[in-house]
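Fold and geometry: a report
Each chain, written out:
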Amino acid sequence: MNLFAFRTAGAAAAAIVISAANAGPVSFTKDDANVAYETADELVRECTPRHAGTLRGRLAANWLLDHASRCGADVELDTFQDETPLGQRTFTNVQIEFPGTGTNAAWIVLMSHYDTPATAKQPCAGANDGASTSGLLVALAGAIRRSGPHPDNIALVWTDGEECSKAYGPNDGFHGSRRLVNNYREQGRRVKTAICLDMLGDKDLHIIVPSNSTAILKKLAIQAAEKAGLKGLLKVDESLVITDDHTAFQTAGCPAINFIDFEYGPGNSWWHTPEDTMKHVSRESLHKSGRLIAAFLNILCYGK
Ligand SMILES: [Zn+2]
């Protein structure tokens, strides 16, 4: 394993005192939604394109490390080599781990990819597809930290190489999540739930949980939407199969779920096109998505 640790320092981080006395349910506020939106907007402006295996992709990983560190948590880069149809490439996952209070606590893994699609026929900024949930994960890091520690271990991972370089296949696409599964297997970690977030900043938000998510988690997702007051927002679509970063976990036998809005523009026509810009992403949608994921985490961690 090639794990490089970066410790955050500075007065701001040192001033944040977290103790078990603060622990409680995760809440996701309007301010959190603003952090999510601003982070996504800046990531698009400063780090586009950010194709996997390129120098600009590596710069985006370091950019995320810097921004994710602002919540005061330690952030790590996991840089690794993997085969692709174009030869061996270097990928970087960005990750934060919040240790749980339970003995032998299991892991809840939240993922968002941050890379842009190299296969797009015209340049695609990946504002909704990649940046929106990467911003959401930065905001969730702050929300989880201020309400923690929580009973379960919680890992947030910004995955690299979710997009394929030529066509999805065993060695093309989902490099970051496959790496993560291998790391967890080597470390003997027990995964309670792997959660993949994708395209959740869409102004016209309709969240889908595809059929290839673990059955019990589909039920909990519906409960979470009800608890967050977002009942009409989420639908479990039993006719839809989506391969995404949750798939590697499912293949490894871990409970896993995908939250995605795969209706981006008429007939999903903005997906992987120059239309995928911040003009189609909204703070309101990121607020709803954040509230839904906070409610889902609370059901997983606290049973309510
Ligand atoms: Zn994509």
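In short, a report on the structure. (Residues numbered from 1 in each chain as written. Predicted model: local features only at pLDDT ≥ 70, side-chain atom pairs only at ≥ 80, totals over all residues. Heavy atoms only, no water.)

1. A look at the coordination of the zinc ion
Coordination angles at a metal have ideal targets, namely 109.5 degrees for four tetrahedral donors and 90 or 180 degrees for six octahedral donors. Rule in force here: Coordinating donors are taken as N, O and S atoms within 2.8 Å of the metal, stretched to 3.2 Å for Na, K and Ca; because water is absent from the atoms, sites can appear incomplete. Where helices and strands are cited, they refer to DSSP runs of H or I of at least four residues and of E of at least two residues respectively, numbered from the N terminus. We call a residue buried when its accessible area falls under 20% of the maximum for its residue type, exposed when it is over 50%, and partly exposed in between, using a 1.4 Å probe and counting protein chains only.
Coordination of the zinc ion by the protein comes from D129 (OD), E163 (OE) and H272 (NE2), over a distance range of 1.9 to 2.2 Å. The motif formed by the donor residues of the zinc ion, counted along the single chain, is D-x33-E-x108-H. Remark: H272 occurs in the loop between β9 (256–260) and α8 (283–302) and E163 occurs in the loop between β5 (153–159) and α5 (175–187); sequence separation between them is 109 residues. The class of E163 is buried, set by a relative accessible area of 5%.

2. Considering the environment of N104
Assignment of secondary structure puts N104 in the loop between β3 (87–98) and β4 (107–113). Residue N104 is classed as exposed on the basis of its relative accessible area, which comes to 71%. For the pair N104 and C301, spaced 197 residues apart in sequence, the C-alpha separation works out to 14 Å.

3. What to know about helix α4 (residues 127–147)
What counts is decided by this rule: By definition here, a helix of n residues has an expected span of 1.5 Å times n minus one.
In a regular helix each residue adds 1.5 Å, so 21 residues correspond to 30 Å; α4 covers 28 Å between its end C-alpha atoms and thus fits that length. Buried residues dominate α4, accounting for 19 of its 21 residues.

4. Structural notes on the side chain of T92
We count it as follows: N or O atoms within 3.5 Å of each other form a polar contact, as long as, within protein, one can give a hydrogen and the other can take it, and as long as residues adjacent in sequence are counted only when both atoms are side-chain atoms. Whether two residues touch is decided by their heavy atoms; if any such pair falls within 4.5 Å, the residues are in contact.
Take T92: it is sitting in strand β3. Of note is the side chain of T92, whose polar atom sits 3.3 Å from the side chain of T79. Aside from chain neighbours lying at most four places away, what touches T92 is R58, A61, L77, D78, T79, F80, Y114, W158 and D160.

5. A short note on the environment of T251
Its place among the elements puts T251 in helix α7 (residues 247–251). You can call T251 exposed: its relative accessible area is 68%. With 70 residues separating them along the chain, T251 and V181 place their C-alpha atoms 9.6 Å apart.

6. So, unusual backbone geometry
With an omega of -5°, the peptide bond running from T48 to P49 counts as cis. Secondary-structure assignment places P49 in the loop between α2 (30–46) and α3 (55–68). Cis rather than trans, the peptide bond between G148 and P149 has omega equal to 5°. One non-glycine residue, N268, lies in positive phi territory at about 60°. For H272, which is not glycine, the phi dihedral falls at a positive 60°.

7. As for the pairing of β4
Put simply, the rule is: Whether two strands pair comes down to DSSP finding at least two bridges between them.
Taken across its 7 residues, β4 has 7 buried, putting it largely inside the fold. Every second residue of β4 is oriented toward a common face, with W107, V109, M111 and H113 on one face and I108, L110 and S112 on the other, all of them buried. Here β4 pairs with β5 via 7 bridges, running parallel. Looking across to β5, one finds that H113 is bridged to T159. Here β4 pairs with strand β6 (residues 191–198) via 5 bridges, running parallel. Bridged to L110 within β6 is I195.

8. Quick look at the packing of α2 against α4
Counted only if it meets this: The angle between two axes is taken between their N-to-C directions and runs from 0 to 180 degrees, where each axis is a line fitted to C-alpha atoms and a helix contributes only its stretch in contact. An angle below 35 degrees is treated as roughly parallel, one above 145 as roughly antiparallel, one from 65 to 115 as roughly perpendicular, and anything else as oblique. Left-handed describes a crossing in which the near helix is turned anticlockwise from the far one by less than a right angle; the clockwise case is right-handed. Residues are grouped as follows: Ala, Val, Leu, Ile, Met, Phe, Trp, Tyr, Cys and Pro are nonpolar; Asp, Glu, Lys and Arg are charged; all remaining types, including Gly, are polar.
Running from amino to carboxyl end, α2 crosses α4 at an angle of 140°, the nearest separation of the two axes being 8 Å. Classified by the interaxial angle, the pair formed by α2 and α4 is oblique. The way α2 lies across α4 gives a crossing that is right-handed. Note on element contacts: α4 touches α2 through A127, A131, S132, S134, G135, L136, V138, A139, A143 and R146, opposite D32, V35, A36, T39, A40, L43 and V44. Taken together, the residues that form the contact of α2 with α4 break down as 11 nonpolar, 4 polar and 2 charged.

9. So, the packing of aromatic side chains
Centre distance and the angle of the planes are the two values used to describe a pair of aromatic rings. In plain terms, the rule: Put simply, two rings from Phe, Tyr or Trp (the six-membered ring, in Trp's case) pair if the centres are within 6.5 Å, and we call them stacked under 30 degrees between planes, edge-to-face over 60, tilted for the rest.
If you walk through the whole model with that rule in mind, you get 7 aromatic pairs. Consider the rings of F80 and F91, whose centres lie 5.7 Å apart with planes at 25°: the pair is stacked. One end of the pair, F80, is in strand β2 (residues 75–84); the other, F91, is in strand β3, and 11 residues separate them in sequence. Since its relative accessible area comes to 2%, F91 is described here as buried. Centroid distance F259 to F296: 5.2 Å. Interplanar angle 75°. Geometry classified as edge-to-face. Remark: F296 occurs in helix α8 and F259 occurs in strand β9; sequence separation between them is 37 residues.

Remember, this is a structural readout, not a statement about activity or role.
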